[in-house]
Amino acid sequence: MSAAFRHCRHRELEALLFSAISSASSISQLNQAHTLLYRLGLHQSSYLVAKLLRRLVDLRSLSNSYALAVFSQVPAPNSFLWTALIRTSAAAAAFGPPCPHPLVLYSLMRRALPPPPPLSFTFSALLKFCSTSRSIAMGSQLHAQTIFIGGFNEDLFVQNTLIDLYVQCGQLDLARKVFDEMLVRDIISWTSLIVAYTRHGDMGSAEELFGESPVKDMVAWTAMVTGYSQNARPSEALAAFEQMRMAGVAIDEVSLVGAISACAQLGVVKRAEGVRQIVQDYGFEKNLVVGSALVDMYAKCGLIDEARRIFNAMDNRNVYTYSTMIAGLASHGKALDAIKVFDEMTMRTEVKPNRVTLIGVLTACSHAGMVEAGRRYFTSISEVYGITPDADHYACMVDLLGRAGNAEEALELARTMPVEPNGGVWGALLGACRIHGKPHIAKIAAEKLFELEPDAIGNYVLLSNVYASAGMWNEVSNVRKLMRGRGLRKNPASSWMEARDGVVHEFFAGDGSHPMSREIKAALEELINRLKCRGYTPILSSIVYDVSESEKRRLLNGHSEKLALAFGLLTVDTGGTIRIVKNIRICEDCHLVMCLASSSENREIVVRDNMRFHHFKDGVCSCGGFW
DNA sequence: CTAGGGTTAG
């Protein structure tokens, strides 16, 4: 009787401690639970100690010595506990060489325990270790072993982990082979492979698999939304998100993040507001990742003040949140605000800046022409924050110096920097030459770029623009020949904006296919005439073809952002801001027209080009000439 | 136990 009672009490205690361990949210709480375990004499229970170890992994507080100490107090660890120990060791591999090695533990386990066949999740843990440590050799050996273990070819855990192993090691064809040979597949098998394809940029294969997959759950749908978004196909991401909702699939924070990021890429406000509404309906705006994504979305939609409000309202902010806010402010030319946020982060919070944060700070300085501040922050990267500046940081410095008119020093930096310059460095230099017209330096930068990025069309265009601005038409035609010889064609420049009903209208240069094309052209012509009365002279050097002046004028007035502007003047409510997004950099003439139009038409105009934002108001642009 | 997340550059 009393034994039965004690047994019952024991089971209750065990359950109690189990939940105490599960709910421990910090390593110190876990320690308390462990002390309790010890006092109650339950520290010898494989069941509880295994749970303790698993929780250790969940909390990412991976101390192998602690794990071993806990483990060694159990006199007769069962296979579950052994597996938990192996998992702890395998998880530690994400942060450094695990000690003891999971495979060593595995062989110890095989020696310590009587020889029933290994558990599938023990084997999965080993495979997972190979996957996180990208050990393809070890992994394929284990794979070979699984073939000889009865039942493993039908075991979903083992097979799915094998797919993951090959995916992580970049062996997509091997992952596919495992998938194709599986006797039973579940949604995880399908989704693993779909995600692998999206991460390799192969949306075609992802779509195909997704179509064939018999079950599509929230995670699978999310994988597609995120896949489109990350492969720069934001419209399709939003379409998939819409379909997902139509299919009645539940939505969570993760699915929304893909849609939010798609809105950020499109940069259109009404679409963004729609997704924001969904976020609020579900009550997800306090989520750290959702909040950070929203900050980015509003910044990229031109509503930097709204981005700031969301940022301010967040309870938790991490390095992503801060980096996003800083980069957003930088792209709007609000360098002082960006620096304030950075200072607040470094001086008042525990959040440590990373390389991306500092790129944001440097671009803030660059877009505001703050050369000396930029130099100080550059020095602080290594001296204060302990980060070794990489090529991207140097690219920011080259940009900062070059943009501010010091192309010679920028070239010197590119030549003497201690890390190998990448395309960004030479591209920044070439960009500086575009602004300040230094054909001889442009030539140096472009030659490097043609080696590093032979297919990047923009570099050829930039170089020919520099030559054209300097009237060096021979060189212009040489560059064009080079482009043709390499089979490169300019991808069309376009601008887009949302109409009142939220429909996105896209305009191409000289394009007359828009249904309102005639009205747009007429409105534009009238606008240009009004501006001419106010002293506007077209900047013909913005046209990089060697054609007659009248042809240059015609081409200038066909620029897609001017068409979008005229469309905006026709359709956006009086007093409403005209918001235009552009896929390449705005040209000097269009920039001037926007400036003048903002005052003559009494309109705020916001243009996002591929570099940054321009807020035109009362005849001036927020970029202050730095673009 | 195994699948989906946010930041950067010319």
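Residues numbered from 1 in each chain as written. Chains lettered and ligands numbered in written order. Predicted model: local features only at pLDDT ≥ 70, side-chain atom pairs only at ≥ 80, totals over all residues. Heavy atoms only, no water.

Going by the annotation in an unreviewed UniProt entry, the name recorded for chain A is Pentatricopeptide repeat-containing protein At5g44230, with Dioscorea cayennensis subsp. rotundata given as the source organism. The Sequence similarities (unreviewed entry) field of the UniProt record for chain A holds the comment "Belongs to the PPR family. PCMP-H subfamily." (UniProt positions renumbered as here; feature names shortened; annotations may be inferred.)

Caption draft 1: Fine view of the sheet that holds strand β1 (residues 494-498). With mixed pairing, six strands are arranged side by side in an open sheet as β2-β1-β3-β4-β5-β6. Both edges of this open sheet fall to β2 (504-508) and β6 (620-621), since each of them pairs with a single strand only. As defined by bridge partners, strand β3 (residues 578-582) adjoins strand β4 (residues 605-608) across four bridges and the pair is classed as parallel. Paired with isoleucine 580 across the bridge in β4 is valine 607. Contacting β3, β4, β5 (613-617) and β6, helix α32 (residues 588-600) runs over the sheet at an angle of about 35° to β5. (Pairing = 2+ DSSP bridges. Helix = DSSP H or I, 4+ residues; strand = E, 2+ residues; numbered from the N terminus. Contact = heavy atoms within 4.5 Å. Axes fitted to C-alpha atoms, helices over the stretch in contact; angles between N-to-C directions.)

Caption draft 2: Structural detail: the pairing of β2. The two faces of β2 differ: His505 and Phe507 on one face are buried, but Val504, Glu506 and Phe508 on the other face are not. Summarising the sheet, β1 and β2 pair through five bridges and their orientation is antiparallel. Of the residues in β2, the one forming a bridge with serine 494 is phenylalanine 508. Here β1 hands over to β2 after five residues, with glycine 502 in that stretch at a positive phi of 90°. (Buried < 20%, exposed > 50% of the residue type's maximum accessible area, 1.4 Å probe, protein only.)

Caption draft 3: Local environment of a nonpolar patch on the surface. A surface patch of nonpolar side chains, about 310 Å² in accessible area, is lined by Phe80, Phe121 and Phe157. Phenylalanine 157 sits in the exposed class, given a relative accessible area of 55%. (Patch = residues over 30% accessible without salt bridge, like charges linked within 9 Å, V, L, I, M, F, W, Y side chains within 5 Å. Areas by Shrake-Rupley, 256 points an atom, 1.4 Å probe, with all protein chains shown as cover. Salt bridge = Lys/Arg side-chain N within 4 Å of Asp/Glu carboxyl O.)

Caption draft 4: Inspection of the pattern of salt bridges at higher detail. According to the stated counting rule, one finds 22 salt bridges in the structure shown. Residue aspartate 296 is joined to lysine 300 by a salt bridge in which the shortest nitrogen-to-oxygen separation is 3.1 Å. With aspartate 296 and lysine 300 both in helix α17 (residues 288-300) and four residues apart, the pair spans about one turn of that helix. Across the pair glutamate 372 and arginine 375 runs a salt bridge whose closest N-O atoms are separated by 3.4 Å. Of this pair, glutamate 372 and arginine 375 both sit in helix α22 (residues 371-383), three residues apart, roughly one helical turn. Residue class for arginine 375 comes out partly exposed when judged on its relative accessible area of 29%.

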